[in-house]
Amino acid sequence: MAKPKQNTEKIVVYVTPELLEFYKEEAEKRGLNISNLVRMILTERMNDKK
């Protein structure tokens, strides 16, 4: 298993199977893993609020 990056924290989020499948497919289309896609979405949302 890969080492966690410095200055990061782990969170656990429960989603429906449909939501998980949707974002797995979206991540695959973009050449990302789901963790990177979710991090990207959260970062974009945060930047939009600034």
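A brief structural summary. (Residues numbered from 1 in each chain as written. Predicted model: local features only at pLDDT ≥ 70, side-chain atom pairs only at ≥ 80, totals over all residues. Heavy atoms only, no water.)

1. Brief notes about the overall build of the chain
Helix and strand counts for the chain stand at two helices and zero strands. Scaling as 2.2 N^0.38, a compact globule of 50 residues should have a C-alpha radius of gyration of about 10 Å, whereas the chain reaches 12 Å, well beyond that. Projected onto its principal axes, the C-alpha coordinates of the chain cover approximately 35 × 30 × 25 Å. Of all 50 residues assigned to the chain, the portion counted as buried reaches 6%. (Helix = DSSP H or I, 4+ residues; strand = E, 2+ residues; numbered from the N terminus. Rg over C-alpha atoms; globule rule 2.2 N^0.38 Å. Buried < 20%, exposed > 50% of the residue type's maximum accessible area, 1.4 Å probe, protein only.)

2. With respect to unusual backbone geometry
Of note in the backbone geometry, Asn-7 takes a positive phi value of approximately 60 degrees without being a glycine. Within the secondary structure, Asn-7 sits in the segment before helix H1 (17–30).

3. Looking at a nonpolar patch on the surface
A grouping of Ile-11, Val-13, Val-15, Leu-19 and Leu-20 is seen on the molecular surface, where their side chains present a nonpolar patch of about 440 Å² in accessible area. With respect to the helices, strands and loops of the structure, Leu-19 is situated in helix H1. (Patch = residues over 30% accessible without salt bridge, like charges linked within 9 Å, V, L, I, M, F, W, Y side chains within 5 Å. Areas by Shrake-Rupley, 256 points an atom, 1.4 Å probe, with all protein chains shown as cover. Salt bridge = Lys/Arg side-chain N within 4 Å of Asp/Glu carboxyl O.)

4. Side note on the environment of Glu-18
By the element assignment, Glu-18 lies in helix H1. Each C-alpha atom of the pair Glu-18 and Thr-8 lies 27 Å from the other, and the pair is 10 residues apart in sequence.

5. Topic: the pattern of salt bridges
Inspection of the entire model under this criterion finds one salt bridge. The closest approach of N and O atoms between Glu-26 and Arg-30, which form a salt bridge, is 2.9 Å. Remark: Arg-30 and Glu-26 occur in helix H1; sequence separation between them is four residues, near one turn of the helix. Residue Arg-30 is classed as partly exposed on the basis of its relative accessible area of 45%.

6. As for helix H2 (residues 34–49)
A rise of 1.5 Å per residue sets the reference length of H2, with its 16 residues, at 22 Å; its end C-alpha atoms lie 23 Å apart and thus fit the reference within 8%. Among the residues of H2, the N-terminal cap falls to Asn-33, whose side-chain oxygen and the backbone nitrogen of Ser-35 are separated by 3.1 Å. (Expected span 1.5 Å × (residues − 1). Polar contact = N/O pair within 3.5 Å; in protein donor to acceptor, adjacent residues only side chain to side chain.)

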